[in-house]
Structures are given as C-alpha cells and as structure tokens.
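Tertiary structure, described
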Amino acid sequence: MNSKVFEYQIDSRELEPYYSQYVRGRKSREPVSGEEVTTELAAETSPTIEEVPLTESDGPIEPETGLTAQTPPTEVEPETENNNDAKADTGRVREFVSVHDLGQFAFCRRAGVRAFEKDEREDEEDNGPRLTYLPNFDRDRIQAELSKQLRLLGMAMLYAAVAVAIMYVGIKQTDFLLFMAGFGILVLDLMWGGEVFWRLVILINRRHQADSPKPLKIDLLSTAPKYQRVNWWSALAAGYEPGTYQSPVRHPEWPLEGCPWRVLKHGSRRIPVIHSGAKNIAHGNGVLHDKHQCRVAAYCALLESMGNYDSPFGIVFPADSAKGIAMIVTPDLHEKVRKMLGDFLKTVELSENQLAEPKQPDDRSRCRGCSLGEPIEISKQEYKRETRNGVSVKVAQARNGKLYHCECGDRFGTIPPHAKSCRLGLVASVEEMSV
Ligand code: SF4
C-alpha cells in the first residue's frame, strides 16, 4: 500500500486542450476499466450503505432568478463615496466564483456574498499548524511523531524518578521545602506525561488504521445521493493515489474554479477530497451538511470538465480525522449546483448594485455559531469615529449597557441571532422570534 501523500502534481493549465472535448452534462457512470463496480460494501468503518435522499437546502426559498450559470455578472462602478470597510471591496466583479464561496452560499446567502467579497478561495478550513496537531493522513509522519512522543514519554519517566528522589531526600533530611519542591515537580511531570501518553494512544490507533485497511468499494449504481462512511486508508488500499493541484481548476463553461484539498486518482477516475476544519460535517443520519454537498458536487463537476475524467463521488473528512463521508453525486445534484451558481451571481450583482441584500437564512439556528455574526464590543468613541469616517457600523446595546456590532450586521444592516448576541440581549433568541 502506498502511504505517501504527494504522489503526483498536475498543473491544471496544462490540461487546457482537454477543455474543448468536454461534453456538457453528466457522463454515464461506466465503471473504470479493471475496477469492479459492486454492491458489496467493504469500507472499514461502515458495514452497510445508507441510501438517503438529498435534503433540500435549509436556506431561504426565493423565486428562480432566470439567470443562467454562463451569464457573467454585470460590471459595476466601484463605490467612491462609501468608505465602509465591509463594502470597500465590493465594487469589482470577479470572473470566477470559488467552490468555497459557493459552499458558503449554500450555508447562507449572506455568508456566500461575504466570502465572495473577501476573495476567500481556499476550501481548506483548517487554521494551520497547532501545538496539539498530530499527523493523520501520512503513514511516515505518523510513525515519526510516534517515535518523538515515545522519547518524550521516556523523559517524563526520568523526571518523575528525579522528583521522587528529591522527595525522598526531603523526607530523610526532614526538609519540608525540599519535599514540596519534589512533589511539585512530580505533579507537573505527571500532567505532562499524561498528555504525552494520550497522544501516543491516538498515534498508535492511527498507525493501526493505516496498517490494516480494507479496500474501499462504493456502489455507483444509484439514482439518489448516497452517503457512505469511508476511511482514508481504505481508499489508498483500493488503489487510489493521492495528489494535489498546483493551481485552481477552472470550468470551461461555468464561472467556477476551485482546488480541492487532495484528488484521489485511479485510472481515469478523479475523486475530490475536502478536509474540513469543522469536526461536525454531517447530520446525525450521516447526510452531509448542505455546504459540503454543494462543494463535493462542484468539485466533481470541475474535475469532469477537465475532459476524459470520471468523478462520480467525493469525500469529506472532518478536522483531525481520517474517517470521512463519501457522497455520490447524482445528475439532480449536479443540476442543482449549476442553478445555485447562477442564483449566487445574481445575488452578488444585486448586492453590489445596492438593489437588494440577501436575507438571513430561514433556519436562524445557523447564525448561532457563525463567525460573521459574533458580536464585537465597540466603545462610543470608536463608534462615533467610524461613523464620522463614513463607515457603516450596525450597533446594538446589550443589557450590560455596552455597545456591540458584528461583521454580518455591519455589511447587511441587521444583527443576526448569534448565540452570544442572544445572551447579551442584543437580539431576540431564535426561540423568542418563533413565539
Ligand atoms: S450570521 Fe447568520 S445571517 Fe450572518 S452570515 Fe452567518 S449565518 Fe448568515
């Protein structure tokens, strides 16, 4: 089994000649030659395939815009008089929407517009290296980290022995301070050693998963989206080779671009892999959240548009886990994403022309933990200074008398029901709204 992560590098620009060969619409899902399509599930972590119908987006239901995905957004004049930071970069229209933006739009229209304005193209939500980070998708790095943690555990045991010796000397010499010094070192050392031991347990478990995978098999003969729990190592055991793209892939017909975290390659098959920064990527029944469904379908469309490739499903992994969920993309979902792209461009155009701003999502519970709605305290002096400078700041007074604002409220004019805002009394809670 090949455990390397960077197996091949493809510059999508080199594949331009294939664009013209792409026939619009979904290709039939013929099995890749040499690979057996089977209804038998052999994924490591799930004994059955769950057939789950695609859920409708929980976002606001609005009339069809009639805008086709191929229609580019109208060029608009940059705002010259409004110095609002949140709107300062809305005067230009980007040529391509990123898959990340589209996923945010599937979550909430406002979030999609803000992602587009801020030019957030990365789909990787992980916030980079953390002190607690442990390798997960690379067998060699897992082994290297395991060796390092074993050395640290040895040091922790050595320090514990020194601490016990100091305590012993303290008792012998009836030196209370010396005894307490040894005791303090021992307590600190045990806390650190416990942490190291826990990391070792995690790494040993990950190495075990890497060493004993069952080859992944996915039933592709479906007419509805199917979700299957999969394991990174089972995909590699099935012959998929992981790789990355050096630059975003651009759709030849849609104004869409994106670069998945990894692409698994097997013959003519290309499987996009998303590594979410969130721990929770699906509902309790295993159905991926709307934004991940949208991203998987969009990436599959992008990869298939490169020509001669088949991308019947994609995989999403949560933060810090090699156990993810694979979703088969149906023609219906493919079409839904195409329409959503047109709707997104229309929404951005209306917002940029200040004709209409997107509403909060019908499912207001989405605002509870959304970072764009998190309240930020602002003093009266700061508020006056910002308004004097022409910056639009939407403030509300909390029960404690302090003023707060948030990025979403500043940009779109109404404060959303973020959990903290409800606690502070800035807005009514979702429950109170529905009474
Ligand atoms: S706070 Fe609510 S309305 Fe604002 S972007 Fe987030 S989910 Fe959308």
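Predicted, not measured: the structure shown is a model, and the values here were computed from it. (Residues numbered from 1 in each chain as written. Predicted model: local features only at pLDDT ≥ 70, side-chain atom pairs only at ≥ 80, totals over all residues. Heavy atoms only, no water.)

For the rest of this paragraph, the subject is the overall build of the protein. Looking only at helices and strands, the protein features 13 helices and 14 strands. Per-residue burial for the protein yields a buried fraction of 50% across its 435 residues. For the protein, the proportion of contacts with a sequence separation of at least 24, taken over those separated by at least 6, is 74%. About 21500 Å² of surface is accessible on the protein, with carbon and sulfur atoms providing 54% of the total. (Helix = DSSP H or I, 4+ residues; strand = E, 2+ residues; numbered from the N terminus. Buried < 20%, exposed > 50% of the residue type's maximum accessible area, 1.4 Å probe, protein only. Contact = heavy atoms within 4.5 Å. Areas by Shrake-Rupley, 256 points an atom, 1.4 Å probe, with all protein chains shown as cover.)

The next subject is the confidence of the model for the protein. For the protein, the average pLDDT comes to 77, and 72% of its residues sit at 70 or higher. Ignoring residues within four places in sequence, the model shows residues 1–93, a span with pLDDT below 50, making 225 contacts including any to other chains. Scored below 50 in pLDDT, residues 124–129 makes 10 contacts in the model with residues more than four places away or belonging to other chains. (pLDDT = per-residue confidence, 0-100.)

Look at the UniProt record and you will see "transmembrane region" (unreviewed entry) annotated at residues 150–171 and 177–198. Secondary structure within residues 177–198 divides into 100% helix and 0% strand; the distance between the first and last C-alpha atoms comes to 32 Å. (UniProt positions renumbered as here; feature names shortened; annotations may be inferred.)

The next thing to look at is unusual backbone geometry. The phi torsion at Asn308 lies on the positive side, around 65°, for a residue other than glycine. With respect to the secondary-structure elements, Asn308 resides in the loop between α8 (290–305) and β10 (313–317). Its identity as a non-glycine residue notwithstanding, Gln354 has a phi of 55°, on the positive side. Summarising the element assignment, Gln354 is placed in the loop between α9 (331–352) and β12 (376–378).

Membership of the largest hydrophobic core comes to 47 residues, with the highest contact counts inside it found for Leu102, Leu256, Leu288 and Val296. Per-element accounting of this core gives the leading share, nine residues, to α8. Of the residues that make up this core, three or more belong to each of domain 1 (9–51 + 85–123 + 214–345) and domain 3 (364–434). Among all residues touching Leu102, those that are not within four sequence positions of it are Val97, Leu256, Cys294, Ala298, Val337, Met340, Leu341 and Phe344. (Core = buried A, V, L, I, M, F, W, Y, C linked by side-chain atoms within 4.5 Å. Domains from an automatic or database assignment.)

Taken together, 13 residues are adjacent to the ligand, and Cys108, Cys367, Cys370, Cys408 and Pro416 come closest. The cavity where the ligand resides is the largest cavity. Residues belonging to the shell around the ligand are distributed by class as follows: nine nonpolar, two polar and two charged. Residue-level mapping places the shell around the ligand at the junction of two domains, with at least three residues from each of domain 1 (9–51 + 85–123 + 214–345) and domain 3 (364–434). (Near = heavy atom within 4 Å. 1 Å grid on protein atoms, 1.4 Å probe; cavity = no way out; pocket = protein on both sides within 12 Å on 5 of 7 lines; lining within 4 Å. Sits in = over half its atoms within 2 Å of the grid points. Nonpolar A, V, L, I, M, F, W, Y, C, P; charged D, E, K, R; others polar.)

Strand order in the open sheet formed by three strands is β12-β14-β13, and the pairing between neighbours is antiparallel. The open sheet has two edge strands with one neighbour each: β12 and β13 (396–397). (Pairing = 2+ DSSP bridges.)

What follows deals with a nonpolar patch on the surface. Taken together, the side chains of Phe176, Leu177, Met180, Phe183, Val187, Leu188 and Met191 make up a nonpolar region of the molecular surface, amounting to roughly 760 Å² of accessible area. Exposure remark for Phe176: the relative accessible area of 61% places this residue in the exposed category. (Patch = residues over 30% accessible without salt bridge, like charges linked within 9 Å, V, L, I, M, F, W, Y side chains within 5 Å. Salt bridge = Lys/Arg side-chain N within 4 Å of Asp/Glu carboxyl O.)

Before going further, it helps to examine the sheet that holds strand β7 (residues 256–258). The sheet built from three strands is open, its strands ordered β3-β7-β6 with mixed pairing. In this open sheet, the two strands that pair with only one neighbour each are β3 (97–98) and β6 (249–250). Bridging between β6 and β7 involves two bridges; their strand directions are antiparallel. Residue pairing in the sheet places Arg250 in a bridge with Glu257 of β7.

Moving on: the pattern of salt bridges. Here the structure, examined in full by the defined rule, presents 14 salt bridges. Between Arg139 and Asp211 there is a salt bridge, and its shortest N-O distance comes to 2.7 Å. In this pair, Arg139 is assigned in helix α5 (residues 139–172) and Asp211 in helix α6 (residues 176–211), connecting sequence segments 72 residues apart. Between Glu335 and Arg338 there is a salt bridge, with the nearest N and O atoms lying 2.8 Å from each other. Of the two residues, Glu335 and Arg338 both sit in helix α9, three residues apart, roughly one turn of that helix. Each of Arg114, Glu117, Lys118, Glu357, Glu407 and Arg411 takes part in salt bridges that share partners, so that together they form one network.

Now for the packing of α8 against α9. Running from N to C, α8 and α9 cross one another at 95°; their axes reach a closest spacing of 9 Å. Here α9 runs roughly perpendicular to α8, going by the angle between their axes. Taking contact as the criterion, the partners of Gln293, Cys294, Ala297, Ala298 and Ala301 in α8 are, on α9, Leu333, His334, Val337 and Met340. Residues that form the contact of α8 with α9 fall into these classes: seven nonpolar, two polar and no charged. (Axes fitted to C-alpha atoms, helices over the stretch in contact; angles between N-to-C directions. Parallel < 35°, antiparallel > 145°, perpendicular 65-115°, else oblique.)

When you tally the buried positions in strand β5 (residues 241–245), you get four out of five residues, the bulk of the element. Of the pairings in the sheet, the one linking β5 to strand β8 (residues 262–266) comprises three bridges and is antiparallel in character. By the bridge assignment, Pro242 is partnered in β8 with Leu264.

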